Amino acid sequence: MCVTCGCGEISKNSHSHEHPSKEGTLPHVHDCAQKQTEISVTNERLVQLEEDVLAANDKVAVENRFFFKTNHILALNLVSSPGSGKTSLLCKTIEKLSKTIPVGVIEGDQQTFNDAERIQATGVEALQINTGEGCHLEAQMIHQALHHPVVKKDSVLFIENVGNLVCPASFDLGEFCKVVVLSVTEGEDKPLKYPYMFSASRVMLLNKIDLLPYVNFDTQKCIEYAKRVNPDIEVFEVSATTEEGLDQWISWIQRHYSEIEE
Ligand SMILES: Nc1nc2c(ncn2[C@@H]2O[C@H](COP(=O)(O)OP(=O)(O)OP(=O)(O)O)[C@@H](O)[C@H]2O)c(=O)[nH]1
Ligand SMILES: [Mg+2]
C-alpha cells in the first residue's frame, strides 16, 4: 500500500509471499493485496496512516540493515524514473564487478520478469519481486528475501526499485545508500522537480551521456541542481551503452565494499 501517492489499497488482507520457482519460471515474490471497496478517509487520518506505514517500514529497515552489516553485504538501492537505464547499468556493472566480488540482484517491478531475466543472462542470480499496484519496494519485501540465495554473505546486493522518482524516496529498505539514476533525455531540471529523491540519494549516476550530442541537456546545470538539493551527492557521468565512466562507478562500489564493517 502506498498512502503517499494513493497507488495502493488499504487492505487487512494485503500480504506478500514468495512463490517457489516452477520449471521455466523465475522465483518471485508478489503482493496479493485483495481488492477492497473504496475507503473514504479524512486528511488527518491519511497523515496518520502515512506516518504509521513509514514507521512500520523503518522498523523492518533497521532489521534489514543489521542483517546486511553482520553479513558484510553492501546493499545498494537503485532508484529512478522508468527507463533511465537502471537494468542496463546493472548488467554492465555486474559483468565487471562479479569477477572480483560475489554479486546478487533483487529486481522490483510492478509486473513481468523481464529485468530479472536480463540480469540472469549475465550469469548473476536475480530475484524478481512484483509489487502489483504498488509503485515502490518496501522493507518487508526485502526482509522476506533475506534468506534467498541471491542474498549472499560477503557480497554486493543490488536492489533495482520500481521506476518512479517519487515514492521510493520515502521507503528505507535497509540499504547502505540509494543510488539515483537520471538519464540525459529526462531534462536537467529533475533534481529540482523531484528533490526528495535526490536528497535521499548518496550517488547520482547521470546516464546515457552518449546521447548528449543529440539532446538539449545542460550537464553542469543538472549537477548544480542536484548539489543544490543535496550538497554531498556524488555524481558519475556514465553510459551503459558505451561503458564510458563505468570504471569510476565500479571503483566507488569496490571502495565502499571494502570499507563496510564486519
Ligand atoms: N543510448 C543509450 N541508451 C540507453 C543507455 N542505458 C539504457 N539505455 C536504453 O534505455 C532503455 C531503458 O533502459 P532500461 O535499462 O530498461 O531502463 P530501466 O531504468 O531499467 O527501466 P525500468 O526498469 O522500466 O524502470 C533501453 O532501451 C536501453 O537500451 C545508455 O547509456 N545510452
Ligand atoms: Mg529496469
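These numbers were taken from a predicted model, which means no experiment stands behind them. (Residues numbered from 1 in each chain as written. Chains lettered and ligands numbered in written order. Predicted model: local features only at pLDDT ≥ 70, side-chain atom pairs only at ≥ 80, totals over all residues.)

K.L.:
Help me understand the site of ligand 1 in this model?
P.N.:
The full set close to ligand 1 counts 17 residues, and Gly 85, Lys 86, Thr 87, Ser 88 and Gly 163 are the nearest of them. A per-element tally of the shell around ligand 1 places helix α2 (residues 86-97) first, with 3 residues. Taken together, the residues of the shell around ligand 1 break down into 3 nonpolar, 10 polar and 4 charged. (Near = placed C-beta within 6 Å. Helix = DSSP H or I, 4+ residues; strand = E, 2+ residues; numbered from the N terminus. Nonpolar A, V, L, I, M, F, W, Y, C, P; charged D, E, K, R; others polar.)

K.L.:
Please explain unusual backbone geometry as it appears in this structure.
P.N.:
In terms of backbone geometry, most residues other than glycine have negative phi values and most peptide bonds are trans. In this structure, Thr 112 is a non-glycine residue whose phi angle is positive, near 75°. Counting through the fold element by element, Thr 112 comes out in the loop between β4 (103-109) and α3 (114-120). Thr 112 sits in the exposed class, given 11 other C-beta atoms within 10 Å. Here Asp 154, not a glycine, exhibits a phi torsion of approximately 55°, which is positive. Checked against the element boundaries, Asp 154 lands in the loop between α4 (139-145) and β6 (155-160). Residue classification places Asp 154 among the exposed residues on the basis of 12 C-beta atoms within 10 Å. (Buried ≥ 20, exposed ≤ 12 C-beta atoms within 10 Å, placed from the backbone.)

K.L.:
Whenever I open this one, the confidence of the model for the chain confuses me. Can you help?
P.N.:
Low-pLDDT portions of the prediction should not be read for the details of their coordinates. Chain-level statistics for the chain give a pLDDT mean of 89 and a share of 84% at 70 or above. Below a pLDDT of 50 lies the segment residues 9-15, which in the model reaches 15 contacts outside its immediate sequence neighbourhood of four places, other chains included. Scored below 50 in pLDDT, residues 32-37 shows 15 contacts in the model against residues more than four places distant or in partner chains. (pLDDT = per-residue confidence, 0-100. Contact = placed C-beta atoms within 7 Å.)

K.L.:
Help me understand helix α1 (residues 43-70), please; the structure alone is not making it clear to me.
P.N.:
Residues that lie three or four places apart on an α-helix share one face, since the helix turns once every 3.6 residues. In this model α1 runs 41 Å from its N-terminal to its C-terminal C-alpha over 28 residues, within 8% of the 40 Å that 1.5 Å per residue would give. Looking at the buried positions of α1, the neighbouring elements they touch are β3 (73-79) and α4. Within two residues after α1, His 72 carries a phi angle of roughly 50°, on the positive side. (Expected span 1.5 Å × (residues − 1).)

K.L.:
Before we go on, may I ask you to explain the packing of α2 against helix α8 (residues 246-259) in this structure?
P.N.:
Where α2 meets α8, the closest approach of the two axes is 10 Å, and the angle between their N-to-C directions is 65°. Relative to α8, α2 is oriented so that their crossing is right-handed. Contacts between α2 and α8 involve Lys 92, Thr 93, Lys 96 and Leu 97 from the first element and Leu 246, Trp 249, Ile 250 and Ile 253 from the second. Its residues placed into classes, the contact of α2 with α8 shows 5 nonpolar, 1 polar and 2 charged. (Axes fitted to C-alpha atoms, helices over the stretch in contact; angles between N-to-C directions. Left-handed = near helix turned anticlockwise from the far one by under 90°.)

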